Amino acid sequence: MEKDTLEHLKYPIGKYEIPKPITTEHLNDWIAILEHLPAKLEALVKGLSEEQLETPYRPDGWTVRQVVHHISDSHHHSYIRFKWALTEDNPIIKPYFEKEWSNLFDARTAPIQMSLNHLSAVHAKLVYLLKGLSVEDLQRKFTHPEGNQETTLAENVGRYAWHGSHHFAHIKNLIERNVW
């Protein structure tokens, strides 16, 4: 497979770029994306067969099932990171090994409805929280221990709006390529 094609399969909407500055319009758009992602994702995958759920979205990529479980796991972590940053002074977050999590028994075999329900609940709580944050709250930070990278909560809203859209596009593009 050509490098450009594989790169597009990996990043169908491009890589996340933090706009400078992050505006109220960016934040409102991102929160709307987060608010609607669970229902959009469920509508996208609800009719897929077990065989289709076991199809990787790209060569050497996760299956659709693993992607759905990954989104739920990742956005759960993000919600916790928001809470830490709002209640602690620039906490160092706990990273997790997403590839290993996606190879665990539950991510490889569990019904996707479990993660769709979980994602819906996490996003309802996250969106409610985000809509109540002040400009000052959104400037609070956490630090990722890999490279000691500081992230503001405003940046993290955008990162997770991108993340959900990124994986949604993986599945949507697979469905379109295979004419499912």
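Visitor: Would you mind showing me how to read the overall build of the protein here?
Guide: Within the protein, the secondary structure is distributed over 9 helices and 2 strands. Shown N-terminal to C-terminal, the secondary structure of the protein runs as helices and strands in the order α-α-α-α-α-α-α-α-β-β-α. The buried share of the protein, taken over its 180 residues, is 45%. Contacts in the protein between residues at least 24 apart in sequence constitute 76% of all its contacts with a sequence separation of at least 6. Accessible area of the protein: about 10,100 Å², with a carbon and sulfur share of 54%. Within the protein, one finds 20 positive and 24 negative side-chain charges whose respective centroids are separated by 1 Å.

Visitor: What exactly am I supposed to notice about empty space enclosed by the protein here?
Guide: It is the rolling of a water-molecule-sized probe over the atoms that shows where space remains empty. This structure, assessed with the given rule, holds 1 cavity of 30 Å³ or more. By volume, the largest cavity amounts to about 30 Å³. Taken together, Leu9, Pro12, Tyr57, His170, Asn173 and Arg177 make up the full set of residues lining the largest cavity. Residue contributions to the lining of the largest cavity peak at 3 residues, all from helix α9 (residues 153-178). In terms of residue class, the lining of the largest cavity is built from 3 nonpolar, 2 polar and 1 charged.

Visitor: Honestly, the pattern of salt bridges in this entry has me stumped. Any pointers?
Guide: When the charged atoms of two side chains with opposite charge come close together, those side chains can pair. Applying the stated criterion to the full structure yields 7 salt bridges. The salt bridge involving Glu155 is made with Lys20; its shortest N-O contact spans 3.9 Å. With a gap of 135 residues between them, Glu155 in helix α9 and Lys20 in the loop between α1 (3-10) and α2 (24-45) connect regions that are remote in the sequence. We classify Lys20 as exposed; its relative accessible area is 68%. Its salt-bridge partner being Glu35, residue Lys131 comes within 3.3 Å of it at the nearest N-O pair. Taken together, the residues span a long stretch of sequence, with Lys131 in helix α7 (residues 112-131) and Glu35 in helix α2 at a distance of 96 residues. What you see here is one network of salt bridges that share partners, running through Glu50, Glu54 and Arg65.

Visitor: Mind showing me how you'd approach the nonpolar core here?
Guide: Proteins that are soluble and globular tend to have nonpolar side chains buried together. Core analysis: the biggest nonpolar cluster contains 23 residues, and Leu34, Phe82, Leu130, Leu138 and Val157 have the highest contact counts within it. Put simply, the parts of the chain that give this core at least two residues each are α2, α4 (64-87), α7 and α9. By residue number, the principal contributor to this core is α9, which donates 6 residues. Those residues in contact with Leu34, other than ones at most four positions away along the chain, are His75, His123, Leu126, Val127, Leu130, Val157, Tyr160 and Ala161.

Visitor: I would appreciate a short explanation of the layout of surface pockets in the present structure.
Guide: Size it by volume and the largest pocket reaches roughly 1,100 Å³. Taken together, 31 residues line the largest pocket, and the ones lying closest to its centre are His70, Glu98, Tyr160, Trp162 and His163. Secondary structure elements with two or more residues in the lining of the largest pocket: α4, α5 (98-102), β1 (141-144), β2 (149-152) and α9. Among the residues making up the lining of the largest pocket, the classes are represented as 11 nonpolar, 11 polar and 9 charged.

Visitor: Can you help me understand the environment of Phe168 in this one?
Guide: Secondary-structure assignment places Phe168 in helix α9. Its relative accessible area of 13% is what places Phe168 among the buried residues. Sequence separation between Phe168 and Arg140 is 28 residues, and the spatial gap between their C-alpha atoms is 28 Å. Once you skip the residues sitting within four places of it in the chain, Phe168 turns out to touch Leu37, Lys40, Leu41 and Leu44.

The rules behind the values
- What you see as residue numbers is a count from 1 along each chain, following the sequence as written.
- In keeping with the model being predicted, local features are shown solely for residues with a pLDDT of at least 70 and side-chain atom pairs are shown and tallied solely at 80 or more, while totals for entire chains, interfaces and linings include all residues.
- Excluded from the side-chain calculation are hydrogens and water; included are all heavy atoms of the structure.
- Put simply, DSSP marks the helices as runs of H or I at least four residues long and the strands as runs of E at least two long, and each gets a number from the N terminus on.
- Any residue under 20% of the maximum accessible area for its type is buried, any over 50% is exposed, and the rest in between are partly exposed; the area is computed with a 1.4 Å probe on protein chains only.
- Any two residues having at least one pair of non-hydrogen atoms within 4.5 Å are treated as being in contact.
- Each accessible area value is a Shrake-Rupley result obtained with a 1.4 Å probe; residue values ignore everything except the protein chains displayed when judging cover.
- Asp and Glu are treated as the negative residues and Lys and Arg as the positive ones, with His and the ends of the chain left uncounted.
- Where a charge sits is defined by one atom per residue type, namely NZ (Lys), CZ (Arg), CG (Asp) or CD (Glu).
- Cavities and pockets are defined on a 1 Å grid built over the protein atoms alone: a cavity is a set of grid points where a 1.4 Å probe fits but cannot escape, while a pocket is an open set with protein on both sides within 12 Å along at least five of seven lines, and lining residues are those with an atom within 4 Å of any such point.
- Grid points are joined across faces, edges and corners, and a volume is the space filled by probe spheres set on the points.
- Gly counts as polar in this scheme, as do all residues outside two lists: the nonpolar Ala, Val, Leu, Ile, Met, Phe, Trp, Tyr, Cys and Pro, and the charged Asp, Glu, Lys and Arg.
- The working definition used for a salt bridge is a side-chain nitrogen of Lys or Arg within 4 Å of a carboxyl oxygen of Asp or Glu.
- Here, nonpolar core refers to any group of buried Ala, Val, Leu, Ile, Met, Phe, Trp, Tyr and Cys residues whose side-chain atoms link them within 4.5 Å.

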